[in-house]
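Chain residues, written in single-letter form:
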Amino acid sequence: MAKSDIVTEQEITSPLVLSFRRFWGDCCDGAPVPDRVHFTPESLLPWIGHVQIVEVIDGGRDFFHRIVGTEIASAVGRDLSRKYVSKSAYKIGAEAMLARYRETRERGVPTFRKGSMIWALNNAWVAFESITVPVGCGGRKVDQLITVIDYPSLPSSRDRSIRDVAPGPSDPPESGRKISGSPE
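A. Geometry of the pattern of salt bridges. The full count for this structure, using the stated rule, is 9 salt bridges. Note that glutamate 9 and arginine 21 form a salt bridge whose closest N and O atoms lie 3.6 Å from each other. Linking glutamate 9 in the loop between β1 (6-7) and α1 (15-28) with arginine 21 in helix α1, this pair joins segments that are 12 residues apart in sequence. In this structure, lysine 114 engages glutamate 129 in a salt bridge whose closest nitrogen and oxygen atoms are separated by 3.6 Å. Highlighted residues: lysine 114 in strand β4 (residues 111-119) and glutamate 129 in strand β5 (residues 124-136), separated in sequence by 15 residues.

If you want it as C-alpha cells, here you go:
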C-alpha cells in the first residue's frame, strides 16, 4: 500500500498554500463550505498560475478540469483544462486522482498534501505542497474543488521567461539596461 501524502496544515511551509487556506477560511463566513461566488478570477490573482479548479460531476462519479493554471501545466507537462479526470493520464493513475478528489469532497474540509512528483521538463523529482478545498453554491452542496499547488524548488514561469530573455554572460545588456532577475 502506498504511503499517503496527506499532511496537516502545520506541516505546510509554502506561503502560497497557507495564504490560500486563509482566504478560503475567510470566504466561509461561518458556513462549513464557502460559496463559489467568492472565487472570481480577480480574487484568485495572488495564486494565478498555481490554481486548478475541478467541477464535481454526477455526485463525484467523475470530475471535470475547468481550469489548470500555467505553473501546474508546466510542471506536469500538459494542460488538462477542459478534460475529465477519468479520461486524463496521470502518473499515479486516473482512479487514484478520482479517489483524492472524492475524499476531499466527502470530507468537506481542506486537504493538504506534500510530497514529490516528476517534473515534466527534465523528468526529475520535484517537491510540491498543495491544498484542495471544497466550494459550493450557496455554501451547501460541494460542487467544485479548488487546488493551489506550489513547487517551491522550481522557478516560476516569470523567472524562467526572465532567464530565457536575459543576456548571457558574454552578451552585454542592450543600452546598458539591466534586466531584473539576471545575474550580475
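Resuming the write-up.
B. Focus on the packing of aromatic side chains. Tallying each qualifying case throughout the model produces 7 aromatic pairs. With 6.2 Å between their ring centres and 45° between their planes, phenylalanine 20 and phenylalanine 23 make a pair best called tilted. Within this pair, phenylalanine 20 and its partner phenylalanine 23 are both found in helix α1, separated by 3 residues, close to a single helical turn. With respect to class, phenylalanine 20 is no different from phenylalanine 23; both count as buried.

C. Molecular detail of the environment of aspartate 150. Structurally, the position occupied by aspartate 150 is in strand β6 (residues 142-150). Taking the relative accessible area as the measure of exposure, aspartate 150 reaches 12% and is therefore buried. As a C-alpha pair, aspartate 150 and tryptophan 47 span 103 residues in sequence and 9.3 Å in three-dimensional space. If sequence neighbours within four positions are ignored, aspartate 150 has contacts with Ser14, Leu16, Val17, His50, Ala127, Phe128 and Glu129. Within the structure, the side chain of aspartate 150 is placed 2.6 Å from the side chain of serine 14, a separation counted as a polar contact.

D. View of the nonpolar core. If you look at the biggest cluster of nonpolar residues, it comprises 21 residues, and the most contacted ones within it are Phe20, Phe39, Leu44, Trp47 and Ile146. The leading source of residues in this core is α1, at 8 residues. Discounting residues that sit within four places of it in the chain, leucine 44 has contacts with Phe20, Phe23, Phe39, Val51 and Ile53.

E. How the structure looks around helix α3 (residues 94-107). Relative to the 20 Å expected for 14 residues at 1.5 Å per residue, α3 spans 20 Å between its end C-alpha atoms, a close match to the ideal helical length. Along α3, the residues that are buried comprise Ala94, Met97, Leu98, Tyr101 and Thr104. The arc enclosing the buried residues of α3, seen along the axis, measures out at 130°, which places them on a common side. More than 90 degrees from the buried face of α3, the exposed residues found are Glu95 and Glu106. Looking one or two residues beyond α3, the residue adopting positive phi is glycine 108, at roughly 70°.

F. Geometry of the confidence of the model for the protein chain. Of the residues in the protein chain, 74% reach a pLDDT of 70 or more, and the chain-wide mean stands at 79. Here helix α4 (residues 157-165) stands out as the least confident element of the protein chain, with mean pLDDT 42; α1 is the most confident, with 96. Low pLDDT, under 50, characterises residues 160-184; the stretch is placed with 15 contacts to residues that sit more than four places away or in other chains.

What counts and what doesn't
- Residues numbered from 1 in each chain as written.
- Predicted model: local features only at pLDDT ≥ 70, side-chain atom pairs only at ≥ 80, totals over all residues.
- Heavy atoms only, no water.
- Salt bridge = Lys/Arg side-chain N within 4 Å of Asp/Glu carboxyl O.
- Helix = DSSP H or I, 4+ residues; strand = E, 2+ residues; numbered from the N terminus.
- Phe/Tyr/Trp six-rings, centres within 6.5 Å; stacked < 30°, edge-to-face > 60°.
- Buried < 20%, exposed > 50% of the residue type's maximum accessible area, 1.4 Å probe, protein only.
- Contact = heavy atoms within 4.5 Å.
- Polar contact = N/O pair within 3.5 Å; in protein donor to acceptor, adjacent residues only side chain to side chain.
- Core = buried A, V, L, I, M, F, W, Y, C linked by side-chain atoms within 4.5 Å.
- Expected span 1.5 Å × (residues − 1).
- Arc of directions from axis to C-beta.
- pLDDT = per-residue confidence, 0-100.

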